[in-house]
Each structure stands twice: as C-alpha cells, then as structure tokens.
Amino acid sequence: MARSIPSGIASAITNASTRPFYAVDLLFDAPNQLYFHTGIGNKTIGSVTYQGVGDLLKISAIDETNDLTASGASLKLNGLNSTLLIRALAEPYQNRICNIYYGEEGNSNLIFLFTGLMDVMTFSDDGEKSTIDLKIESHLKRLKRKAILKYTNESQRARHPSDTGMSYITGLQEQRLEFGKGYKAPAT
C-alpha cells in the first residue's frame, strides 16, 4: 500500500543526521490513556503530550502485506516504576486501541504505522525492574472470529440496554396465531 510521507519528515530523512522516534498511544478508558515515545523528555504533538521513555520501549517489527493477512505487533516496556505497573495491573486493557507512529525530531508530524487492539499483557518483576509485554492484534483478526449473538432479550440488552423489542419473544413462543381467518374480538 502506497503511503504519502509529510514533506517535513521526507526532508528530515534525507538530512545527514536524523533523530527518529516512535510514538505509541495506549487508549485505555479515559482519563487513563497513556502516550509514550522512544525519546527523552515530554513531546507535545498536536494536543497530545507523549512521555519520553527512551530505549525502555521496544516495538516489534510491523509487517505490511498486500493481501488481507492479519499480522500483529508487540510492545515491551522495561524498567517501569511501581505506580505505572500498579496502574497497568488495575486497568482493563483487552480490546482497547493501540496506535503506533513514526516521527522525526523537530517535526510536528507523525506517520501512522499500525493500529490494533491490546490482547495479552504479561508482567515480570525480578525485584529490581519490572517489564510489561503487550501483544497487539490487528483489527483484521476480529473479522475471523465468530460472532456469538443470540436472539434473546438478555443478548439484546447486553448490546443495547434500552431496547425492549426482544422482551416479547418468550411470550410469542407459546402463543397460537391463526392466519387467514380474520380477527375476532375477544368476548368481554
């Protein structure tokens, strides 16, 4: 797939010395969203402030194909402080969006590289440093999953809490309806 590169980044790439970085959006439920970049210090791009974690953030190779292959990515955060680790343990993360970008130092544009859903997060702590491994699956993997939907009131209310249309299904199962005989009003 052809991509256009913003002119500021294209000229920065051709310079003799470039300082590239990656930026990551971990979109947990608001206000707990996390924004990191692989540089040092805070970096504000648009209205988002990315916290610099240097080489403590590792991003796996991101494969791009011409067919509809669902390839994922993974992030590894090393040397985390205990508050961030506790926050990651407490926050529901599965099926939350993760975006990965590429940028050049001194340029306010980012190139979008990958988006996916947070899938599996594993933790390790050896007493000196903590590590989080986060697997991110492509949105295409969701297309391969079977949708488990039932025509019941409970299933409908789980997706649309104010919809009462399916609440009449159980009453219709035992009701006898005769078609073609016309309507006869019940005796009072």
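The paragraphs below set out a description of the structure included in this document. Keep in mind that this is a model prediction, so the values were computed, not measured.

## Things to note about the packing of aromatic side chains
Reasoning step 1: Within the structure shown, the criterion is met by three aromatic pairs.
Reasoning step 2: Relative to Tyr 102, the ring of Tyr 22 has its centre 5.7 Å away and its plane inclined at 65°; by these criteria the two rings are edge-to-face. Here Tyr 102 lies in strand 7 (residues 97-104) and Tyr 22 lies in strand 1 (residues 20-27), a separation of 80 residues in the sequence.
Reasoning step 3: For the ring pair Tyr 35 and Tyr 50, a centre distance of 5.7 Å and an interplane angle of 80° mean the geometry is edge-to-face. Linking Tyr 35 in strand 2 (residues 34-37) with Tyr 50 in strand 4 (residues 48-52), this pair joins segments that are 15 residues apart in sequence.
Reasoning step 4: What makes Tyr 50 buried here is its relative accessible area of 4%.
Reasoning step 5: Across the ring face of Phe 21, the terminal group of Lys 43 is positioned such that the distance to the ring centre comes to 4.7 Å.

## Some details on the nonpolar core
Reasoning step 1: Residues Leu 26, Leu 75, Cys 98 and Leu 134 are the most contacted members of the largest nonpolar core, which totals 20 residues.
Reasoning step 2: Those elements that provide at least two residues to this core are strand 1, strand 2, strand 6 (73-78), strand 7, strand 8 (110-125) and strand 9 (130-138).
Reasoning step 3: Those residues in contact with Leu 134 that sit more than four places away from it in its chain are Leu 26, Ala 73, Ser 74, Leu 75, Tyr 93, Met 118, Val 120 and Met 121.
Reasoning step 4: Ranked by size, the runner-up nonpolar core spans six residues in total, among them Phe 21, Ala 23, Tyr 35 and Tyr 101.

## A look at the environment of Gln 51
Reasoning step 1: With respect to the element layout, Gln 51 can be found in strand 4.
Reasoning step 2: Overall, Gln 51 belongs to the partly exposed group, its relative accessible area being 41%.
Reasoning step 3: Taking the C-alpha atoms as reference, Gln 51 lies 6.1 Å from Tyr 35; in sequence the two are 16 residues apart.
Reasoning step 4: Residue contacts for Gln 51: discarding those within four places in its chain leaves Tyr 35, Phe 36, His 37, Gly 41 and Asn 42.

## Examining the pairing of strand 9
Reasoning step 1: Counting buried positions along strand 9 gives seven out of nine residues, so the element sits mostly inside the fold.
Reasoning step 2: As defined by bridge partners, strand 6 adjoins strand 9 across six bridges and the pair is classed as antiparallel. Bridging across to strand 9, Lys 76 finds its partner in Asp 133.
Reasoning step 3: Of the pairings in the sheet, the one linking strand 8 to strand 9 comprises nine bridges and is antiparallel in character. Bridge pairing in strand 9 places Leu 117 opposite Glu 137.
Reasoning step 4: Remark: four residues form the turn of the hairpin made by strand 8 and strand 9, two consecutive strands paired antiparallel; Gly 127 in that turn has positive phi of roughly 95°.

Basis of the calculations
- Residues numbered from 1 in each chain as written.
- Predicted model: local features only at pLDDT ≥ 70, side-chain atom pairs only at ≥ 80, totals over all residues.
- Heavy atoms only, no water.
- Phe/Tyr/Trp six-rings, centres within 6.5 Å; stacked < 30°, edge-to-face > 60°.
- Helix = DSSP H or I, 4+ residues; strand = E, 2+ residues; numbered from the N terminus.
- Buried < 20%, exposed > 50% of the residue type's maximum accessible area, 1.4 Å probe, protein only.
- Lys NZ or Arg CZ within 6 Å of the ring centre and 35° of its normal.
- Core = buried A, V, L, I, M, F, W, Y, C linked by side-chain atoms within 4.5 Å.
- Contact = heavy atoms within 4.5 Å.
- Pairing = 2+ DSSP bridges.

Nothing here speaks to function; it is geometry throughout.
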